[in-house]
Amino acid sequence: MAKTGTLKSVPTLRDSVSEAEWAARVDLAASYRLVAREGWDEMLSTHISARIPDDPEKFLVNPYGVLFSQITASSLVKVDFEGNVYSDTDYPVNTAAIVIHGGLLEARKDVASAVHLHTPAGVAVSTHQKGLMPLNQRALYFQPILAYHDYEGLALDMDERESLVQDLGTENWAMLLRNHGTLTVGRTIGQAYVYMFFLERACQMQVQTLAGGVPLTELSDELIEKVPQQAFHWEHMGKLEWPALKKLLDEKEPDYKN
Ligand SMILES: [Zn+2]
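Quick caveat, the model's predicted, so the values are computed rather than measured.

About the thresholds
- Residues numbered from 1 in each chain as written.
- Predicted model: local features only at pLDDT ≥ 70, side-chain atom pairs only at ≥ 80, totals over all residues.
- Heavy atoms only, no water.
- Helix = DSSP H or I, 4+ residues; strand = E, 2+ residues; numbered from the N terminus.
- Contact = heavy atoms within 4.5 Å.
- Donors = N, O, S within 2.8 Å, 3.2 Å for Na, K, Ca; no water.
- Patch = residues over 30% accessible without salt bridge, like charges linked within 9 Å, V, L, I, M, F, W, Y side chains within 5 Å.
- Areas by Shrake-Rupley, 256 points an atom, 1.4 Å probe, with all protein chains shown as cover.
- Salt bridge = Lys/Arg side-chain N within 4 Å of Asp/Glu carboxyl O.
- Lys, Arg positive; Asp, Glu negative; His and termini not counted.
- Charge placed at Lys NZ, Arg CZ, Asp CG, Glu CD.
- Pairing = 2+ DSSP bridges.
- Axes fitted to C-alpha atoms, helices over the stretch in contact; angles between N-to-C directions.
- pLDDT = per-residue confidence, 0-100.
- Buried < 20%, exposed > 50% of the residue type's maximum accessible area, 1.4 Å probe, protein only.
- Right-handed = clockwise from strand over helix to strand, strands pointing away.

**Student:** Explain the environment of Asn-179 here, please?
**Tutor:** Topologically, Asn-179 is positioned in the loop between strand 6 (174-177) and strand 7 (181-186). Along the sequence, Asn-179 and Glu-152 sit 27 residues apart, while their C-alpha atoms lie 9.7 Å from each other. Apart from the residues within four sequence positions on either side, Asn-179 is in contact with Ser-126, Thr-127 and Tyr-151.

**Student:** What is the right way to look at the coordination of the zinc ion in this model?
**Tutor:** Under ideal tetrahedral coordination, the four donors around a metal are separated by 109.5 degrees; under ideal octahedral coordination, the six donors are separated by 90 or 180 degrees. Distances from the zinc ion to its protein donors, His-116 (NE2), His-118 (NE2) and His-180 (NE2), fall within 2.0 Å. Within one chain, the residues serving as donors to the zinc ion are arranged as H-x1-H-x61-H.

**Student:** Just to check I follow, could you spell out a negative patch on the surface for this structure?
**Tutor:** On the surface, Asp-150, Glu-152, Asp-157, Asp-159 and Glu-162 cluster together into a patch of negative charge. Here Asp-150 shows up in the loop between strand 5 (146-149) and helix 5 (160-168).

**Student:** Even after reading the chapter, I still don't get the sheet that holds strand 1 (residues 47-51), so can you show me in this structure?
**Tutor:** Spatially, the seven strands line up as an open sheet ordered 3-2-1-4-7-6-5, and their pairing is mixed. With partners counted over all chains shown, the strands left at the sheet margins are strand 3 (77-80) and strand 5, one partner each. Put simply, the sheet's adjacent strands are angled 20 degrees from each other on average, direction ignored. Two strands pair when backbone bridges link them, and strand 5 and strand 6 are joined in this way by four bridges, in the parallel orientation. Within strand 6, the residue paired with Ala-147 across the bridge is Met-175. Most of the contacts of helix 1 (residues 19-38) go to strand 1, to which it runs at about 160 degrees, and overall it touches strand 1, strand 2 (58-61), strand 3 and strand 4 (113-117). Strands strand 5, strand 6 and strand 7 of the sheet are contacted by helix 5, whose axis makes an angle of about 155 degrees with strand 5.

**Student:** Sorry, what's going on with a nonpolar patch on the surface here?
**Tutor:** A cluster of nonpolar side chains, namely Tyr-151, Leu-154 and Leu-156, defines an oily patch on the protein surface of about 340 Å² accessible area. Considering the arrangement of structural elements, one finds Leu-154 in the loop between strand 5 and helix 5.

**Student:** Where do I start with the confidence of the model for the protein in this structure?
**Tutor:** One rule of thumb: low pLDDT means the predicted coordinates there are not for detailed reading. Looking at the protein, the pLDDT average stands at 94 and 96% of residues meet or exceed 70. The low-confidence segment residues 1-6 (pLDDT under 50) makes seven contacts with residues lying over four places distant or belonging to another chain.

**Student:** What exactly am I supposed to notice about the pairing of strand 6 here?
**Tutor:** Each regular strand shows side chains that alternate between the opposite faces of the sheet. Side-chain alternation along strand 6 places Ala-174 and Leu-176 on one buried face and Met-175 and Leu-177 on a second face that is also buried. After leaving strand 5, the chain enters helix 5 and then returns to the sheet as strand 6, a path that is right-handed. One ladder, built from four bridges, connects strand 6 with strand 7; its direction is antiparallel. Within the sheet, the bridge partner assigned to Leu-177 lies in strand 7 and is Gly-181. Hairpin connection from strand 6 to strand 7: three residues lie between these consecutive antiparallel strands, with Asn-179 at a positive phi of about 60 degrees.

This is the structure:
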């Protein structure tokens, strides 16, 4: 049972962790706040993680019991891949976060951050048999980097890591968790968030397109193959967007950096 406490009582870690860890904490807190601003959070469910750059066998995750809109840099919990906690915190950590994020961060050393959500549009498309369909430009972008993972029940069993890691593979940066939700990973915390932004948009577009009830204009096989190749800059996604997004938070809710 978690002890009760207010986030105001969390002392700042700014001067007691490395500069690299502090920067990761600020960016991860920003990612949580931005997800909340978009309305993609689900009370306490779902999770976003970030590897600690100068302690790469450990990562940061949300204190289980704090809304995404209340998360601050200092309140994030440091854990290892097995779920051992290295922070002085009043809150537990969600077991599913350890299973999903610990497994992926351990296996994919090129990944700095992972975002996992249960938005209605993301869950809807994860349930569509054809997955994310190549119906529009945004969906086409994801074709070369999108994986699928079949549902195995609540992600509380460490054994699920093996299939999660295998399904994401070494080249993919987004995954639809069948009948469950969405997941993106990034080379940076900002990139994982921005990939999720566009995956979420693509899912919303598909749901609205299929809800129209009229014949669809489908794309040719040639275009379905050509467009992802044109999107060569995709791997740089987030470089321009992330500083602009953090600037928005600096203006609207600067306490995320506490
Ligand atoms: Zn989930």
